[in-house]
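Chain by chain, the residues run as shown.
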Amino acid sequence: MTERHHVTNPADRIPFEKKIAYGCGAFANNMLAAASGSMMVVLNLAFGMNPALVGWLSGIPRLMDAWTDPIMGYISDNTRSRWGRRRPYMFGGVFAAGLIFIVLWQLPEGRSEGYYFWYFLLVSLFFYLAYTVFATPWVALGYELTPDYHERTRLMGVQNIIGQLAYVISPAFLKFMELDQFGGLGNGASILAIVVAVGCIAFGIVPALALRERFGKGSSSENSVSISTQIFGFLRGFGTTIANRDFLMLAGATFLVFNGFQLIAAFQFYVTVFYLYAGDTDAAANLILIFGVISSIATFLVIALTTYLGSRIGKRKTFAICITISAIGYGLKWICYNPEYPYLLLICAPLIAFGLGSLFTLMASMIADVCDVDELNTGQRREGMYGSIFWFMVKLGMAAALLGSGYLLNATGFDVALEGNQSEQTLFLMRVYDVVVPVVLSLLAILLIARYSITESKAYEVRAQLEERRGLV
């Protein structure tokens, strides 16, 4: 039996300029994430750091970041001020994150591996703390901007399109850092960090200034409760959140798809450079750039298609279709990694884009629906807690994936000193990991979302009950 398709009430629609304003936060958020990930190869290629240590530097700060997310979510949910629950943290957090990111990449030449490790680790911890202060309230703000099931998907579609612009730009980072004017990758990274930080601050303050919140305004005196009460409230909220079955399905599926990608993200770079181009970084950079641009452009189309399909055949079915197409794209890499025809790899780019392109459009919209069900059951609005624990679970996996990626690369026998003379076994294993890991984890994610229970009809029923409770009907 086909579900009734609801039409969004004009009063529930978010003006397009407000969607753009929220999307500016997505650009800042994604640019910081893209830069943090894609620039890590500099530690290995420019400063000679062991890939396993680079993995530790990627994983440890994100592990701390994961644990601070729920704390920040609880703080944001329970803040009462004339400026709201989210906006003050967003404004201050993006400024701090940008400035610390600049400091992070001012690495002097000629120091020991230990010096680089400890400097980068300590500064990274402060960077990710500031990043959390911005990103967690920004995510939560999106869940509450509209009460409508379909408008949530449209909002997340717009913000995801704007956020993807960061991934159109980030493939050019390697080319930028290799410019002759900078005299090497290390100096190029220090300049790039300044450019990235300034852009992120400029975009990140827009949602803090332009948007208004639906819940949580009041005097700061409302926050004056004992520390023990705050701790108990945090633990109770954390427990309630992780006990929500539908939420766990969403978090688990995202964990598998996103962290499957993270685990092997660096492998495409290494396979392209050392298998397709025998160590020629300059030649490989062109293919990496084009692949990234095609992926990003395709992602724009995927987001639009996901937004359309989600309101026609349901968010759950849309997820299954998109992730299946993405898995096919990863599988085709095995054929398309061909040194004689390296640009054959570009065939995979638009198919793989169906993964992350659909993932964060659908997941954000579906978590907003979960927040309504939670309010119906608990009487509390806890977007910050749900958003932060969602990312807490994903980031725990991300930390493990990034840590594991260095060891996985070492397990292939890769040795940077050999440059383009890597062994046949090394090149074979890198291709195996790059193909098999994301395919298997994507299929497992589809099985999880098949158990998600909030349909369009149920979402509108929950909203009607909430509005009756609030006296709005």
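A brief look at the structure comes next. What you see is a predicted model; the values in this text were computed from it and never measured.

Conventions and cut-offs
- Residues numbered from 1 in each chain as written.
- Predicted model: local features only at pLDDT ≥ 70, side-chain atom pairs only at ≥ 80, totals over all residues.
- Heavy atoms only, no water.
- Core = buried A, V, L, I, M, F, W, Y, C linked by side-chain atoms within 4.5 Å.
- Buried < 20%, exposed > 50% of the residue type's maximum accessible area, 1.4 Å probe, protein only.
- Helix = DSSP H or I, 4+ residues; strand = E, 2+ residues; numbered from the N terminus.
- Contact = heavy atoms within 4.5 Å.
- Expected span 1.5 Å × (residues − 1).
- Arc of directions from axis to C-beta.
- Polar contact = N/O pair within 3.5 Å; in protein donor to acceptor, adjacent residues only side chain to side chain.
- 1 Å grid on protein atoms, 1.4 Å probe; cavity = no way out; pocket = protein on both sides within 12 Å on 5 of 7 lines; lining within 4 Å.
- Points joined across faces, edges and corners; volume = space filled by probe spheres on them.
- Nonpolar A, V, L, I, M, F, W, Y, C, P; charged D, E, K, R; others polar.
- Axes fitted to C-alpha atoms, helices over the stretch in contact; angles between N-to-C directions.
- Parallel < 35°, antiparallel > 145°, perpendicular 65-115°, else oblique.
- Left-handed = near helix turned anticlockwise from the far one by under 90°.
- Patch = residues over 30% accessible without salt bridge, like charges linked within 9 Å, V, L, I, M, F, W, Y side chains within 5 Å.
- Areas by Shrake-Rupley, 256 points an atom, 1.4 Å probe, with all protein chains shown as cover.
- Salt bridge = Lys/Arg side-chain N within 4 Å of Asp/Glu carboxyl O.
- Phe/Tyr/Trp six-rings, centres within 6.5 Å; stacked < 30°, edge-to-face > 60°.
- Lys NZ or Arg CZ within 6 Å of the ring centre and 35° of its normal.

This part takes up the nonpolar core. Ranked by size, the top nonpolar core spans 129 residues in total, and within it L43, F101, W105, F319 and M363 carry the most contacts. For this core, the element with the highest residue contribution is helix 10 (residues 245–276), accounting for 16 residues. Setting aside its immediate chain neighbours within four residues, M363 contacts L250, T254, F319, F390 and I449.

Looking now at helix 16 (residues 456–470). The end-to-end C-alpha separation of helix 16 is 21 Å, in line with the 21 Å expected for 15 residues at 1.5 Å each. Among all positions of helix 16, only E456, A459, Y460, V462, R463, L466 and E467 are buried. Along helix 16, the residues classed as buried sweep out an arc of 160° about the axis, all on the same side. Buried residues along helix 16 sit in contact with helix 6 (149–169) and helix 13 (348–378).

With that settled, consider the side chain of N44. Residue position: N44 is located in helix 2 (residues 41–45). Within polar-contact distance, the side chain of N44 engages the backbone oxygen of M49 at 2.8 Å. One polar contact links N44 to Y270, side chain to side chain, over a distance of 3.2 Å. The residues touching N44, leaving out its near neighbours within four places in the chain, are M49, P51, V54, Y270 and V416.

Attention now moves to empty space enclosed by the protein. If you walk through the whole model with that rule in mind, you get four cavities of 30 Å³ or more. Of the volumes computed, that of the second largest cavity is approximately 70 Å³. Surrounding the second largest cavity, S36, M40, L57, S58, P61, R62, F101, L104, W105, F120, S124 and Y128 form its lining. Mapped by element, the contributors of at least two residues to the lining of the second largest cavity are helix 3 (51–77), helix 4 (87–104) and helix 5 (113–144). The greatest single-element share of the lining of the second largest cavity, amounting to four residues, is contributed by helix 3. By residue class, the composition of the lining of the second largest cavity is eight nonpolar, three polar and one charged.

Our next topic: the packing of helix 1 (residues 16–38) against helix 8 (residues 185–210). Helix packing geometry: the angle between the two helix axes and the distance between the axes. Here helix 1 crosses helix 8 at 150°, and the two axes come no closer than 8 Å. Of the possible angle classes, the one that applies to helix 1 and helix 8 is roughly antiparallel. Of the two elements, helix 1 crosses helix 8, and the hand of that crossing is left-handed. Across from K18, A21, Y22, C24, G25, F27, A28, M31, L32 and A35 in helix 1, the residues of helix 8 making contact are V196, C200, F203, G204, V206, P207 and A210.

There is a patch of nonpolar side chains on the surface, built from I191, I194, V195 and V198 and spanning about 310 Å² of accessible area. Relative to the assigned elements, V195 resides in helix 8.

Here the focus is the environment of F274. Tracing the sequence through the fold places F274 in helix 10. When its relative accessible area of 7% is taken as the criterion, F274 is described as buried. Taking the C-alpha atoms as reference points, F274 and S457, separated by 183 residues in sequence, lie 52 Å from one another. Residues contacting F274, with those up to four places away along its chain left out, are G279, F414, E419, G420, Q422 and L427.

What follows is about the packing of aromatic side chains. Per the stated rule, a full pass over the model turns up 29 aromatic pairs. Where W67 meets F392, the ring centres are 4.8 Å apart and the plane angle is 70°; that geometry is what we call edge-to-face. One end of the pair, W67, is in helix 3; the other, F392, is in helix 14 (residues 383–411), with 325 residues separating them in the sequence. For F392, a relative accessible area of 6% translates into the label buried. Seen from their ring centres, F127 and Y131 are 5.8 Å apart, and the 35° between their planes marks the pair as tilted. Here the residue F127 and the residue Y131 both occupy positions in helix 5, the gap between them amounting to four residues, near one helical turn. There is no split in this pair, since F127 and Y131 are both buried. An aromatic cluster of at least three residues, connected via ring pairs, comprises W67, Y74, F234, F238 and F392. Of note, R111 hangs over the ring of Y115, and the distance from its end group to the ring centre comes to 4.8 Å. One cation-aromatic arrangement involves K315 over Y149; the distance from NZ or CZ to the ring centre is 3.7 Å.

Purely geometric numbers; function is a separate question.
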